[in-house]
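Structure at a glance
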Amino acid sequence: MPVSQDNHSTSARRRITILGAGAWGTAVAMALAARHDVVLWGRNPEAMAAMAASGENSYLPGFALPPQLAICADFDAALSHASGEQALLIAACPVAGLRPLLLQLKHQTIPNLVWLCKGFENGTGLLPHQLFQEILGDTVAGGALSGPSFAQEVARGLPCALTIASHDAALRACVVSALHGGNFRVYASDDLVGVEVGGAVKNVLAIATGVADGLGLGLNARAALITRGLAEITRLGTALGGQTETFMGLTGMGDLILTCTGDLSRNRRVGLGLAQGKALATIVAELGHVAEGVPCARAVRELAQRMRVDMPITDAVAGVLFDGDLPQEMVQQLLARDPRDEANRM
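Residues numbered from 1 in each chain as written. Predicted model: local features only at pLDDT ≥ 70, side-chain atom pairs only at ≥ 80, totals over all residues. Heavy atoms only, no water.

Rules: UniProt positions are given in the numbering used here, feature names are shortened, and annotations may be inferred rather than shown by experiment.
Per an unreviewed UniProt entry, the recorded name for the protein chain is Glycerol-3-phosphate dehydrogenase [NAD(P)+], and the organism is Janthinobacterium psychrotolerans. According to the UniProt record, the Sequence similarities (unreviewed entry) comment for the protein chain is "Belongs to the NAD-dependent glycerol-3-phosphate dehydrogenase family." Taken verbatim from the UniProt record of the protein chain, the Subcellular location (unreviewed entry) comment is "Cytoplasm".

Here it is as structure tokens:
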């Protein structure tokens, strides 16, 4: 269930290190740099040097980096910055990069770890918190920061509401205190499974919505896909131990609506490209960013099959992505399903 929090708009200045200089990690760093001492680390020294010299990240063209934001390519120095009880370490890599990063952190002394990635690990089907538990165990507090959020809007200083999910109450309080304020509103939850499932599966459903929009199926079809997609998220999430009310919140319904309807959504753009008949490899190359819904579709389909959870939209998306099905066949497959009660749980 949601955890109550104090509504503070200001907090003491903290030392924060963000590991990962992609679009989202950079946008979060930009948003926090005015209130905290923030270091942004990236693994490519040449790219970080270019960023420092130009005052701009190529993943967020047109957005000037705050002069007080420290750009760093030295991993040890970046970790050293996030020292002390009130410091905060944020992992801003894609899900595919989380395991290598956690292995780098395994023998380090860190105050805590909050991750921004959404999805299931390809191959293992593990959620981020399961990877964290497998590699770091109970040696450090961890949590997921998730919610409806486009990097470009955060970089522009527009309002954004997020949820920090963790089993550790002290970490939840630390993140809320540090991030809540300015244009960030941060809620807290102890439902780590629910928050992560919502953040992962909505990307798959955004691909489906992009296909429908690209085929010109109309707003009625879009609304149906979003609504039935939320039912799929809830079925899988509760089967994994998530709480039903979580999927009605920011990291469920909120993130789903944004990703399925926003023109900045990478996963929706994958669906639009598929509807145009483009090859998946071409679409991904044109994006220039990671579209987490692509690998997530395979992982979710396999997990749902193992758990006997009915996820027809996810099945149809995976068929287009990996089995050679045509987008029009995806639509026909969904329309041809037998009628059933709307509240059917299976």
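1. A few points about the packing of helix 13 (residues 293-307) against helix 14 (residues 312-322)
Condition: To obtain an axis, a line is fitted to C-alpha atoms, over the contacting stretch when the element is a helix, and the angle between two such axes runs from 0 to 180 degrees between their N-to-C directions. A run of DSSP states H or I qualifies as a helix once it reaches four residues; a run of E qualifies as a strand once it reaches two. Both are numbered from the N-terminal end. Roughly parallel means an angle under 35 degrees; roughly antiparallel means over 145; roughly perpendicular covers 65 to 115; every other angle is labelled oblique. Take the far helix as the reference: if the near one is turned anticlockwise from it by less than a right angle, the crossing is left-handed, and if turned clockwise, right-handed. We call two residues contacting when some pair of their heavy atoms lies within 4.5 Å. Each residue receives one of three labels: charged for Asp, Glu, Lys and Arg, nonpolar for Ala, Val, Leu, Ile, Met, Phe, Trp, Tyr, Cys and Pro, and polar for the others, Gly being one of them.
Look at helix 13 against helix 14: their axes get within 9 Å of each other, and the N-to-C directions meet at 120 degrees. As the angle between them shows, helix 13 and helix 14 are arranged oblique. As helix 13 packs across helix 14, the resulting crossing turns out to be left-handed. Counted together, Gly293, Val294, Ala297, Arg298, Val300 and Arg301 of helix 13 and Thr314, Asp315, Val317, Ala318, Gly319, Leu321 and Phe322 of helix 14 form the full contact between these two elements. Classifying every residue of the contact of helix 13 with helix 14 gives 7 nonpolar, 3 polar and 3 charged.

2. Observations concerning the domain arrangement of the protein chain
Short version of the rule: All the domain ranges listed were derived from an automatic or database domain assignment. By definition, the buried area sums, over both parts, the 1.4 Å-probe accessible area that each loses when the two are put together. For salt bridges, the criterion is a side-chain nitrogen of Lys or Arg within 4 Å of an Asp or Glu carboxyl oxygen. For the purposes of these results, a polar contact is taken to be a pair of N or O atoms within 3.5 Å, where, inside protein, one atom must be able to donate a hydrogen and its partner to accept one; residues adjacent in sequence count only when each atom of the pair is a side-chain atom.
Domain boundaries in the protein chain define domain 1 (15-190) and domain 2 (200-336). Taken over C-alpha atoms, the centre of domain 1 sits 26 Å from the centre of domain 2. With both chains or domains summed, domain 1 and domain 2 bury close to 1800 Å², and 70% of this area falls on carbon and sulfur atoms. Between the two partners, domain 1 and domain 2, sit 1 salt bridge. Of the charged contacts, one joins Lys118 and Asp255 as a salt bridge, the two residues approaching to 2.7 Å between their closest N and O atoms. Viewed at the interface, domain 2 and domain 1 are joined by 2 residue pairs in polar contact (both at pLDDT 80 or more). The leading source of residues in the side of domain 1 that touches domain 2 is strand 8 (residues 160-165), at 3 residues. Here the side of domain 1 that touches domain 2 is built from residues that sort into 10 nonpolar, 7 polar and 3 charged.

3. Re the nonpolar core
Formally: Nonpolar core, defined: a set of buried Ala, Val, Leu, Ile, Met, Phe, Trp, Tyr and Cys residues in which side-chain atoms within 4.5 Å join the residues together. The rule is simple: take the accessible area with a 1.4 Å probe, protein chains only, and divide by the maximum for that residue type; under 20% is buried, over 50% is exposed, in between is partly exposed.
Counting 43 residues, the largest nonpolar core has Phe120, Val197, Val201, Leu236, Val270, Leu274 and Val317 as its most contacted members. In terms of residue count, the dominant contributor to this core is helix 8 (residues 192-214) (11 residues). Ignoring sequence-local partners within four residues, the contact set of Val317 consists of Val204, Ile207, Ala208, Ala297 and Met330. Counting 40 residues, the second-largest nonpolar core is a separate cluster that includes Met48, Leu65, Leu88 and Ala92.

4. A closer look at a nonpolar patch on the surface
Rules: Residues form patches when they are more than 30% accessible in relative terms and have no salt bridge. Like charges link within 9 Å. Nonpolar side chains (Val, Leu, Ile, Met, Phe, Trp, Tyr) link within 5 Å. Computed by Shrake-Rupley with a 1.4 Å probe, the accessible areas treat only the displayed protein chains as cover when residues are assessed.
On the surface, Met248, Met253 and Ile257 cluster together to form a nonpolar patch covering roughly 240 Å² of accessible area. Relative to the helices and strands, Met248 is located in the loop between helix 9 (219-239) and helix 10 (250-261). The class of Met248 is partly exposed, set by a relative accessible area of 44%.

5. Things to note about unusual backbone geometry
Even without being glycine, Arg308 reaches a positive phi, approximately 55 degrees. Note on placement: Arg308 falls in the loop between helix 13 and helix 14. Of the residues examined, Arg308 reaches a relative accessible area of 72% and is grouped as exposed.

6. So, the UniProt feature "domain: Glycerol-3-phosphate dehydrogenase NAD-dependent C-terminal" (unreviewed entry) in the protein chain
Within this numbering scheme, the UniProt entry marks residues 191-332 as carrying the feature "domain: Glycerol-3-phosphate dehydrogenase NAD-dependent C-terminal" (unreviewed entry). With 75% helix and 0% strand, the stretch residues 191-332 has end C-alpha atoms that lie 36 Å from each other.

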